[in-house]
Amino acid sequence: MKAGIVVFPGSNCDRDALHAARLAGMEAELLWHEDPGLHGSELVILPGGFAYGDYLRAGALARFSPVMRAIEDHAERGGLVLGICNGFQVLAEAGLVPGALLRNTSLRFEHRWVRLSVERHDTPFTAAVPAGATLRLPIAHGEGCYFLPEPELDALHARGGILFRYADPEGNPNGSARDIAGVLNQRGNVCGLMPHPERASEAVLGSDDGLLLFRSLLESAAAHASGVAA
Amino acid sequence: MGLAEPPVHELGPEQDVAAAAEPSSRSELHRVLGLTDHELDDIRTRLGRDPNALELAMFSVMWSEHCSYKSSRSLLRTLPTTGEGVVAGPGENAGVVRIDDDLAVAFKLESHNHPSAVEPYQGAATGVGGILRDIFTMGARPIAILDALKFGHPADVRTRHLVRGVGSYGNCVGVPTVGGELVFHPSYAANPLVNVMAVGLLDERDLTRAAAPGPGNLAVLFGSTTGRDGIGGASVLASAAFGIADADGAKRPTVQVGDPFAEKLLIEASLELIRERLVEGLQDLGAAGITCATAETADRAGTGIEVYLEAIPRREEGMAPFELMISESQERMLAIVRPERLDAVLAVCTRWGLPAAVIGRVTEDGDVTVVTRGDRPSGRPGGSPEGGTWRELARIPARALTSEAIVYEREARPPTHSRRAPAPGAPDLPHDGLPERGMDPGAVLVALLGDPNLSSRAWLTTQYDATVGADTVEANERAAAVIRIKGTRKALVMATDANARVGLLDPYLGALSAVAECARNVAVTGARPLGVTNCLNFGDPERPEESWRLQQAVRGLGDACRALGLPVTGGNVSLYNESLEGAIAPTTQVGIVGLLEDVERRVGPAFRAEGDLVALLGETVPGLAGSIYAEHAGTTPDDQTPDVDLAHEAALLAFLPEAAADGLLRSAQDVSGGGLAVALAECAMWGDLGADLHLSIGSAPAAELFGEGPGRVVVSVEPGRWHELHALARRHGLPVRRLGAVGGDRLRIQLTGEGATGAAEGRGAGVADEIDESLTVLRHSWQAGLPRALGEDG
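Residues numbered from 1 in each chain as written. Chains lettered and ligands numbered in written order. Predicted model: local features only at pLDDT ≥ 70, side-chain atom pairs only at ≥ 80, totals over all residues. Heavy atoms only, no water.

### So, the overall build of chain B
- The helix and strand tally for chain B stands at 27 helices and 28 strands.
- Across the 794 residues in chain B, those meeting the buried criterion constitute 65%.
- The long-range fraction of contacts in chain B, counting pairs at least 24 apart against all pairs at least 6 apart in sequence, stands at 85%. (Helix = DSSP H or I, 4+ residues; strand = E, 2+ residues; numbered from the N terminus. Buried < 20%, exposed > 50% of the residue type's maximum accessible area, 1.4 Å probe, protein only. Contact = heavy atoms within 4.5 Å.)

Here's what the structure looks like:
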């Protein structure tokens, strides 16, 4: 599987995502924000960071990058897109996933390790996560409070659009509606989440739970390829 | 783009260019700029003529304490700076020590105290930006930040602003903030300290010097444009000499404003320029801006640099020559570039969206020369860039501004009284006899864990991104951070420490204690310390007492580093940390980076398994003065500060990596703030495992439990390997005694021996004094302490 990791000016988790993708066994390379081509990437990762300095609003400027046109087309064709942290904010600004990320209710930047529950295992992002398992990943953001109006939250829930929830006993770290940490688009091929799976890719770093997401993507691509071949 | 004529910015009409070149001798301008009459005479001698106003401004910033180290330079020369693997030492932007055949580590501590006192948020933020630039200028990618923050009181509103300033910058540039210190001491009330340590990793082949070799090479300024921010004392020039009309002149910010987004681009662009071998030298712009960057790079290469004033990209019109030359606008770099590589350099800058311009060129004459394309006929023939008639505004030998800047031997005299009066209610016994005063040592332990200086730093550390980079193995809450090196089994271990309480009583001992503690913090993980960086924070060196304190601290730093075999690879001095209430406590901030050969063999502080034996390495040194216990309970006037035995510390530094490599240590924790009882409580809380221990007390229970004497480490070991550990300790000449075993959910420390039982009987108690507290109680106090002190526990 070929993964492309987008580098915006101000991205700072691009090399971390590249490292994790390669560790999971993907062929991965960096994509420059001004380049409108995806260079054959089957999976596009929008990494964390502060794209364009988060000026105006997190993700607000990045969505106008030339590479975003190509990513929108890619998503439109059913291609896989994963947005992590700032990447989630960019996806939300671009309307590729529902909702908006507001300032944390603590009004502070929050860095800590959290536990996530996985709401579905039948998606390309979570297929390799064992049933019932929770994931231990770090969060590091100032604007991660997931917001959607109530009726739309019901609809999101009804269609299975909620993929990850904060599952710590002390509650969610940023005030997100319904403890939502990650969502899927309608079609199920675009996922955004605030925690950082790429930073939890090796036991020495405190957890390798995050690698399960990358493995899921790799396996689903393989299954997809063999399905197509058959 | 070739070597085109530099773009020309017009000097504003209100700026009289001629004024810049006006002889200054008739005025008292030098005094307004902070230069003494003696210094003016010295400048005249060096130039062989009177300096003009622009030259005076350049001298004033370069001869400032901050840039010239004029009061400390002669002292710093006494420090040991060479050692195994030292690739770059003091004098470069950061120290660099070799890790293996390919890799090296760059690291440095730096202060940003005065700006942070004035404008906490920007002061702290730009402090982080500045030290990061020192690291990547060497060709290293920054991999960690540690910050040492010192405040007078937790409730000071600046505390919060400073914390946010440090955090916002580090979080944005994508460098993890992995450790440091948060210390409260009344002497910092009016003058908080912000010391930031940055660590970077480089391929030794990428090591880049901040030098300007090769006459004919171009000086390229890239990054942010130049504005009027950060024009320090020299801003008085605006009104005093140039009569600038604008009404805002007086309110110009003298604190720089940081832009972490620009810094992030600067990091990537700089590292790309280095990797592609496009630059001959690279220097960041910090204090004294272009003046400093050109003078230092020229001096290091034995060349000169000619600066074209109008070529400097600026963010506002009408800037005076002195403003352009000394502006401290942030996020700027100076690259020395061969003419044939200019296009490639500009292409990299453009790709990262950074303005770049040729602002000068390297010359053979050894001078920093400032030239302008004024509208008057040229005063200097030839040698000017194509198509211009350029006029010289300033010419100063580069070395007169840097390596040969003025140096002072300050008069030093010990203070007449170096001890403060004991705290009210202090006992009049020669040594504190805690139980005699009817105090419950368990209650004291709980209180100490809740002290803002000892309690959990979670309030602080959760505001910093500690895991970006995907290399963080241990961060925060630990005395040392562990950062693995991708593609190897190795890890870097880093810590920063100071001991202001001891420093206040004895600056020499304060420095020794800081080095010893910092090295121990690195070594308890199993790492071998590689080198030392430092930041000397002191008061006004023109006062003989403060000068003496600085002298003593430098002597202590040197003695400790020599005894422990650690080279001092760099550092920084911050003087005049004073307010009307007096100077800060002498603060020798020490930063140490160590190497862990196998990250899987690292040792943490937390107890790990029921039944493991708990032991203490090292003996308790008498003396409670300077401890946090003493701050609560007071000490007697003749109580001592615990001595540091450097030979013993050296033995510990040798023993710990060996024991860790052999897998003998299940856990290891340094004994420092709060003493042995607090160290044991930390091992227990963090491991979520209690312990049942016996502590033999000689004469003073308080010193045994809460004294902060150095040279001690709490370890736990599998019972089956106790004899091996014991033998190894003996081989290193280290005393080791068993305290008990790990287990249960309470920390129980029974006091035995004469000191304990005598005390208990003395006040009629039926049982010996002991500590017996549940982990829940300890943890509650430890976690609640800081938020409560900050008033954030609502």
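### Some remarks on the interface of chain A and chain B
- Across the contact, 26 residues belong to chain A and 30 residues belong to chain B.
- Buried surface at the junction of chain A and chain B, summed over both partners, amounts to about 2,300 Å²; 57% is from carbon and sulfur atoms.
- The largest contributions to the chain A side of the interface with chain B come from R108(A), H111(A) and V204(A), which together make up 25% of the buried area.
- Our count for the contact surface shared by chain A and chain B stands at two salt bridges. (Buried area = accessible area lost by both parts, 1.4 Å probe. Salt bridge = Lys/Arg side-chain N within 4 Å of Asp/Glu carboxyl O.)

### Side note on the confidence of the model for chain B
All names here are of chain B.
- Looking at chain B as a whole, its pLDDT mean stands at 85, while 86% of the residues score no less than 70.
- For chain B, the element scoring lowest by mean pLDDT is helix 10 (residues 236-240), at 40; strand 25 (residues 713-717) scores highest, at 98.
- Counting contacts from residues 233-252, a segment whose pLDDT is below 50, to residues more than four positions away or on other chains yields 28 contacts.
- Overall, residues 758-768 carries pLDDT values under 50, and its contacts beyond four positions in sequence, including any with other chains, amount to 12 contacts.
- With pTM at 0.91, the complex prediction returns an ipTM value of 0.94. (pLDDT = per-residue confidence, 0-100.)

### Looking at the packing of helix 22 (residues 646-661) of chain B against helix 25 (residues 722-731) of chain B
Residue and element names in this part refer to chain B.
- With their axes 10 Å apart at the nearest point, helix 22 and helix 25 run at an angle of 155° to one another. Taken together, the axes of helix 22 and helix 25 lie roughly antiparallel to each other. Seen from above, helix 22 lies across helix 25 with right-handed handedness. Contact residues: F655, E658 and A659 in helix 22; L725, L728, A729 and R731 in helix 25.
- Broken down by class, the residue content of the contact of helix 22 with helix 25 amounts to five nonpolar, no polar and two charged. (Axes fitted to C-alpha atoms, helices over the stretch in contact; angles between N-to-C directions. Parallel < 35°, antiparallel > 145°, perpendicular 65-115°, else oblique. Left-handed = near helix turned anticlockwise from the far one by under 90°. Nonpolar A, V, L, I, M, F, W, Y, C, P; charged D, E, K, R; others polar.)

### Some remarks on a nonpolar patch on the surface
- Together, Y55(A), L56(A) and L61(A) make up a nonpolar patch on the protein surface, roughly 310 Å² of accessible area in all.
- Tracing the sequence through the fold places Y55(A) in the loop between strand 3 (43-46) and helix 2 (66-76). (Patch = residues over 30% accessible without salt bridge, like charges linked within 9 Å, V, L, I, M, F, W, Y side chains within 5 Å. Areas by Shrake-Rupley, 256 points an atom, 1.4 Å probe, with all protein chains shown as cover.)

### Some thoughts on unusual backbone geometry
- Backbone geometry places C85(A), a non-glycine residue, at a positive phi of 55°.
- Counting through the fold element by element, C85(A) comes out in the loop between strand 4 (80-84) and helix 3 (86-93).
- Classification of C85(A) as buried rests on a relative accessible area of 5%.
- One non-glycine residue, Y69(B), lies in the positive phi region at around 55°.
- Structurally, Y69(B) is set in the loop between helix 5 (65-68) and helix 6 (73-76).

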